[in-house]
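Single-letter residue listing:
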Amino acid sequence: MDVNEILLDLLVVLLAAKVVAEVADRLRLPGVVGEITAGIVIGPSVLGLVDGGEVIETLAELGVILLLLEVGLEMDLAELRAVGRAALSVAGVGVVVPFALGYGAAIALGMDGNEALFVAAALTATSVGITARVFGDLRQLASVEARTVLGAAVADDVMGLVILTVVTRVVSEGSVSLVGVAGVIAVAVAFLVATTLIGSRVVPPISAWVARHARVAGSVLVLAVVLTLALAQLAHAADLAPIIGAFVAGLTLGQSSVAPRLRREIAPVAHVLVPVFFVQIGLHVDVAEFARLDVLGLAVVLLAVAVVGKLASAFGLGRAPGDRFVVGLGMLPRGEVGLIFAAIGLREGVFGDDVYAALLLVVLTTTMVAPPLLRARLVAVRTRREHASVRPVLAAGDDALAVVDGRVLLARSVTDDEALAVALDAARLVERSAPDDSVREYLTDFPARARRFDADARRAFVQLLEEGGPRSWRLLAMSNVLVRALPELADAIDRRESQSGGFDPFAALTWSRVARVRDLDALRSLRHPERVLLAALVLDACDDDDVDPTPVARRTAVRLGLGADAEDRIAALVDDRELLRAASRRSDAFGERPVLELAVHLGDREQADALYQLTLVDFDGEIWERERLDTLRELLVAVLERPELTGFSVAHAIDERRRDAIAAVDDPELRDRIRHAPRAYLLRCTRDDLVRHAHRCEPTPRRDEVRVFVDEIPGRGFRVEFVTVDELGLLARETRALADADLDVLDALAVVWGDGTALASYRVVGPTPPDVDELRAQVSALRRSAPVTAGLPDARLDFDDHGSPWHTRCSVRAPDVPGVLAAVTAAFAVAGANVHVAGVSHEGLDAVDVFELTERDGTKLTDATKQRIVRALADGVARRRMPVVGWR
C-alpha cells in the first residue's frame, strides 16, 4: 500500500468516526457505538471504502494503549483504596458469576476450551466511562450506589486486565493446568503491584522536575508517552498484554503534579487515535454474520448470561446501603473493555467471525440499553429519597458538622436556610477527612430551595476557596450542590471534564491557578483577596474552553451576592488577565502616557495589585520579562499613590485636567467642546493642548471645509493640525498630503467628537516649512476621490489586543519608501478601522509605525477587520475597493 492510499484510508476512518459519533451523541448513545458503526459502514462488508491493513492496525494498537493510559491517569489510588468492602465484593461477584456462566454456556454450545475462556473473559468487563456518564448527568456521583458501582467497576477493570493476561497466555501456550494459570496470575499481579509501587515513588518527582526545567514545548507529554511505551514493552517482555503496561503508566503519572496538564495534552492525541481502534473493530465485522440464525442465537444466549451475571453482582452489597437494582444496572454495560477482549480474541485466532459478531452484538446491546434503564431507576430512587430526610449520625448540637475519627459527619438536622453554608463547609472539610455516608447522601439530595447565598454561605465559599482542594470540588461537582447554587460554574466544569477525554470520575478537579494564588505571600496584603481567588477559579474552570470566562465570572459574582462593584472588579480581572504582561512588552511600556492609560483603566492600587498577583500565577517567561513586569507595576503604584492625588484616583486627575481647561476659556461653545472630549484623548493632552484644539474646532466646520494650522516646535520640527468633518479615508488623505509635501511624520494624534468634528495633529519634519494653503488645497482635492495607494507586499503587521486596555495596537514594519504612512492609513480606512494614536520611527532601512486602533463602535479590532487590513496593505487600495460605509 502506498502513502496516498494510507492517507486516504486514514482520512475516511477519522471523518466517518467523528461524523457518526456526533450522530450517536445526539441520539443520547455513547460515542463508542457510533465509532464502531462507522467502522462497519466503511468496512469491507458494507461500502468497502477501507480494508484495514497494517497501518490502520498499528494506529489502532497505539489508540488502545492511549486509551488505557487515560484510564490509568483518571484513577485515584487513594479512592481505589477507599472504595470499601462492598465495592470489592460487587466487583468480585461481577467477575466470577459472568465468567462461570459464560464459560459454561460456551461449552454447552459446543465451543472448545480456548474459545470458551475468551468468551467468558469478555463477559466479565464493565465500562467505567459509560456508567459514570449516566450518574454524572443526574448529579448522583456522590450517592452510595454511584460510589459502589464506580469503585467496583475500577476494581473490575483491574481484575479484567489480569484475566485477559491469563486467558491470552493459556491460549497461546495451549495449556489449562491449574499450576500454569496460577503462575500467570502471580506474574500479572506481581507486575501490577511492583511497577505501580515503584512508579508511584519514582515517576512523580521525575515528571515534576522535567515540567520545571524543560524549555521545549511538549517535553512532559513526550515523557509520558515514552514511559507508556516503555512499560508496554516491559509488560510484553513478561509475556503480559502491553495494555497492562500502559495502564500502570497512567496510574503512576496520575499521582504526579503534572497529571492535570497531561490529561489536557494527551486528550487531543487520544481524540485522533482512540477512534481508530473502535473503527477498526467495526472493520473486522462481517455484517452477513448478523443475519445468521446461529449467530443471533449465540448472541441471545451470551446476552442473557451478560445481563444475569452483572445483575447478580448486586448481591455483593450484602448489608451495605444502596439500591441493588441501581448497582446491578450500573455494572451492566461492557463498553470499550469488552471490545478489547473481543478484538484480541479475533486477532489471535481464538474464534472466528461468528463468535466475534455475537460478542459485538452483546457489547453494543448492553452499552445501549443500560444507560436509559439506569437513568430511569436513578430518577425513581432520587424521587423517593427527596421525600425522606437524612438522619444525622450524632445527637443535636450547635454545629451541623463534626469530624470524628477522620470522618466528616452530619451532626444534626439542617434547615433549608443554612443548607448551602453547611454544604460548602462540608466540602472544605472533606479535603482532609473522608465524608461519612450521611454527608454524601445529604449533598446528593441537596434541597432545591437552598440555593441563595447569604452572609454565612459567602463566608463558607471564601473559606472553601482558601482551604479546599480537589476532593472538595469533586464532591460538590458530583452532587447537586454546585449545579443548584452556581450553575454557570458547574457548566464550565462539565465542559472541562468532557473535553479532557477522561474515562473515570475519580479524576481530581485540580485548580492549578487557585493553588498558585494561595501560595502568593502578597495575597494577604489585599483588602479583598477572595476576588483574585474567584477570578483564578473561573479561569481554571474555563481553561481550554471556547466559552468566554468573563460572563461566567460576572454571573458567578451575581449569584454569590458580592455586589455590583465586586462583580465589575472580578470580571475586569478575568478580562484583563493578559493586560499587564502584554503591556510590559511594549517598547514604550514605561512612558508616561501608557502608564497613565493603564492607571486610568485600573482605577486604584487595589485593582492594580490584584491584577499583578493574578498575572504572576501564569507567568512563565524569562527573567528580563519578569523585571519589566515588576517595573511596570512599580510605576503604576507610583502613579496611583502620588501625594498630590491623595484621596483621588487617576481618573479623577483626568477629570481635573478637563475642569482646568474649561476654566481657561470663557466661550460656552469652547467649554462644551472640552466637556465632551473623549477620555482617551484627554489622557494624551495637556491643558494647553485641550484649549488650543477647542479654539481650532469652533465653530463646527462645514462639510467641505478643511482647516489647516502650522506651529513651529523649536528644535523638534513643526506641528500640523487638520480640522474637518470626519469621513471615510480622512487620515489617509491627510498623510498623503503630508507625504506629497516631502514632510515626514514623527508622531500623530487623532480625535473625533460626537458631532463629527475630526482633529488630527501631526509632528513633522521636512526640507521646508509646511505651507498651509498647499496642504489645504491638497487635502481638499484628495477628498473628492477615494484614496489610491500601491500595495506594500513586504510589510509585516503585528496585532496586539492585550497591550492596551482600550485599543488594538498594530505594529507595521515596511521598507522606508515614500508613501508608506499613506498606504498604511489607507488600508485602515478601507478596512473600517479608526486610528487613535500613531507613532513613527525608523530602524535601519525600515519604517516602523505603531498605531492604536478600534472598530467604528470603539471596540477592539475583530479578526475580520485585521484580515481586511492585511489584504488592503498587501494589494493596495483602489477606488473600486472602497466600502460604502462611513468612517465611524
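Please read these numbers as outputs of a predicted model, since none were measured by experiment.

### Section: the overall build of the chain
Here's step 1: Looking only at helices and strands, the chain has 39 helices and eleven strands in total.
Here's step 2: Scored against the burial criterion, the 888 residues of the chain give a buried share of 55%.
Here's step 3: Contacts spanning at least 24 positions in sequence make up 74% of the contacts within the chain whose residues lie at least 6 apart.
Here's step 4: Summed over its atoms, the accessible surface of the chain is roughly 37,900 Å², and 56% of this surface lies on carbon and sulfur atoms.

### Topic: the sheet that holds strand S2 (residues 407-410)
Here's step 1: Spatial ordering of the open sheet is given by S1-S2-S3, a layout of three strands whose pairing is mixed. Because the sheet does not close on itself, it has two edges, and the strands there are strand S1 (401-404) and strand S3 (434-435).
Here's step 2: With four bridges joining them, S1 and S2 adopt antiparallel strand pairing. Bridged to leucine 401 within S2 is leucine 410.
Here's step 3: Helix H19 (residues 437-444) contacts S1, S2 and S3 of the sheet and is inclined by roughly 60° relative to S2.

### What to know about the packing of helix H1 (residues 3-26) against helix H2 (residues 31-42)
In helix packing, the relevant descriptors are the interaxial angle and the interaxial distance, both defined with respect to the helix axes.
Here's step 1: Look at H1 against H2: their axes get within 7 Å of each other, and the N-to-C directions meet at 135°. Comparing the axis directions of H1 and H2 gives the class oblique. In this structure, the crossing between H1 and H2 has a hand that is right-handed. Between H1, through Val12, Val13, Ala16, Ala17, Lys18, Val20, Ala21 and Ala24, and H2, the contact on the second element is made entirely by Gly31, Gly34, Glu35, Thr37, Ala38 and Ile42.
Here's step 2: Partitioning the contact of H1 with H2 into residue classes produces nine nonpolar, three polar and two charged.

### Points about a nonpolar patch on the surface
Here's step 1: A cluster of nonpolar side chains, Ile185, Val189, Val193, Leu197, Ile198, Val202 and Ile206, forms an exposed patch at the surface whose accessible area comes to about 570 Å².
Here's step 2: Relative to the elements of secondary structure, isoleucine 198 occurs in helix H9 (residues 178-213).

### Regarding the packing of aromatic side chains
Describing an aromatic ring pair means giving the distance of the ring centres and the angle of the ring planes.
Here's step 1: Enumeration according to the criterion identifies four aromatic pairs in this entry.
Here's step 2: On the numbers, 6.2 Å between centres and 85° between planes, the contact of phenylalanine 461 with tryptophan 473 is edge-to-face. On the criterion of sequence distance, the pair formed by phenylalanine 461 in helix H20 (residues 455-467) and tryptophan 473 in helix H21 (residues 470-478) is long-range, its members being twelve residues apart.
Here's step 3: Here the aromatic rings of phenylalanine 828 and phenylalanine 851 are separated by 4.9 Å at their centres, their planes lie at 75°, and the arrangement is edge-to-face. With phenylalanine 828 in helix H38 (residues 820-831) and phenylalanine 851 in strand S11 (residues 846-854), the pair connects residues that are 23 residues apart, well separated along the chain. Of the two residues, phenylalanine 828 and phenylalanine 851, neither departs from the other in class, the shared state being buried.
Here's step 4: Through successive ring pairs, a cluster of aromatic residues spans Phe453, Phe461 and Trp473.
Here's step 5: If you follow arginine 633 out to its NZ or CZ, it ends over the ring of tyrosine 612, 5.1 Å from the centre.
Here's step 6: A cation over a ring is seen here: arginine 673 above tryptophan 753, with NZ or CZ 5.1 Å from the ring centre.

### A look at H19
Here's step 1: Here H19 lies mainly inside the structure; six of its eight residues are buried.
Here's step 2: Three or more residues of H19 are buried, namely Ser438, Val439, Arg440, Tyr442, Leu443 and Thr444.

### Some words on the pairing of S11
Here's step 1: The element S11 is extensively covered by neighbouring structure, given that seven of its nine residues are classed as buried.
Here's step 2: By the bridge criterion, eight bridges tie strand S9 (residues 808-815) to S11 in an arrangement that is antiparallel. Note that in S11 the partner of cysteine 810 across the bridge is phenylalanine 851.

### Considering helix H14 (residues 293-311)
Here's step 1: Between its terminal C-alpha atoms H14 stretches 27 Å, which fits the 27 Å expected from 19 residues at 1.5 Å a residue.
Here's step 2: Buried within H14 we find Val295, Leu298, Ala299, Leu302, Val305, Ala306, Gly309 and Lys310. In a view along the axis of H14, the buried residues occupy a sector of 130°, so they form one face of it. Facing away from the buried side of H14 by more than 90 degrees, the exposed set consists of Leu293 and Val300.

### What about the confidence of the model for the chain?
Here's step 1: Per-chain confidence: the chain averages 79 in pLDDT, with 83% of residues scoring 70 or above.
Here's step 2: Here residues 501-508 scores under 50 on pLDDT; set against residues more than four positions off or in separate chains, the count is 34 contacts.

### Topic: the pattern of salt bridges
Oppositely charged side chains can form a pair if their charged atoms are brought close together.
Here's step 1: One pass over the full model with this rule turns up 37 salt bridges.
Here's step 2: Glutamate 567 is the salt-bridge partner of arginine 554, the closest N and O atoms lying 3.0 Å from each other. In this pair, arginine 554 sits in helix H26 (residues 549-560) while glutamate 567 sits in helix H27 (residues 564-575), placing the two residues 13 residues apart along the sequence.
Here's step 3: By relative accessible area, arginine 554 is classed as partly exposed at 31%.
Here's step 4: Across the salt bridge formed by arginine 707 and glutamate 705, the nearest N and O atoms sit 2.9 Å from each other.
Here's step 5: With relative accessibility at 18%, the residue glutamate 705 sits in the buried group.
Here's step 6: Here the salt bridges share partners, and the residues they tie into one network are Asp689, Arg692, Arg696, Asp711, Arg719 and Glu721.

### Describing the nonpolar core
Here's step 1: Ranked by size, the top nonpolar core spans 102 residues in total, and within it Phe453, Phe461, Trp473 and Leu537 carry the most contacts.
Here's step 2: Broken down by element, this core gets its largest block of residues, nine residues, from helix H25 (residues 529-541).
Here's step 3: When neighbours within four sequence positions are excluded, leucine 537 is seen to be in contact with Phe461, Leu465, Trp473, Leu489, Trp511 and Val514.
Here's step 4: Ala17, Leu67, Ile163 and Val210 belong to the second largest nonpolar core, which has 94 residues in total.

### Re the side chain of threonine 757
Here's step 1: Take threonine 757: it is sitting in strand S7 (residues 757-765).
Here's step 2: Discounting chain neighbours no more than four positions away, the residues touching threonine 757 are Arg673, Cys697, Thr700, Pro701, Val723, Thr724, Val751 and Val752.

### Remarks on the packing of helix H33 (residues 668-675) against helix H35 (residues 687-697)
Here's step 1: Relative orientation of the contacting elements H33 and H35 amounts to 120°, with a least axis distance of 9 Å. Between H33 and H35, the crossing angle belongs to the class labelled oblique. For the pair H33 and H35, the crossing hand works out as right-handed. Contact residues: Leu670, Arg673 and Ile674 in H33; Leu690, Ala694, His695 and Cys697 in H35.
Here's step 2: A breakdown of the residues in the contact of H33 with H35 according to their chemical character gives five nonpolar, one polar and one charged.

Conventions adopted
Residues numbered from 1 in each chain as written. Predicted model: local features only at pLDDT ≥ 70, side-chain atom pairs only at ≥ 80, totals over all residues. Heavy atoms only, no water. Helix = DSSP H or I, 4+ residues; strand = E, 2+ residues; numbered from the N terminus. Buried < 20%, exposed > 50% of the residue type's maximum accessible area, 1.4 Å probe, protein only. Contact = heavy atoms within 4.5 Å. Areas by Shrake-Rupley, 256 points an atom, 1.4 Å probe, with all protein chains shown as cover. Pairing = 2+ DSSP bridges. Axes fitted to C-alpha atoms, helices over the stretch in contact; angles between N-to-C directions. Parallel < 35°, antiparallel > 145°, perpendicular 65-115°, else oblique. Left-handed = near helix turned anticlockwise from the far one by under 90°. Nonpolar A, V, L, I, M, F, W, Y, C, P; charged D, E, K, R; others polar. Patch = residues over 30% accessible without salt bridge, like charges linked within 9 Å, V, L, I, M, F, W, Y side chains within 5 Å. Salt bridge = Lys/Arg side-chain N within 4 Å of Asp/Glu carboxyl O. Phe/Tyr/Trp six-rings, centres within 6.5 Å; stacked < 30°, edge-to-face > 60°. Lys NZ or Arg CZ within 6 Å of the ring centre and 35° of its normal. Expected span 1.5 Å × (residues − 1). Arc of directions from axis to C-beta. pLDDT = per-residue confidence, 0-100. Core = buried A, V, L, I, M, F, W, Y, C linked by side-chain atoms within 4.5 Å.

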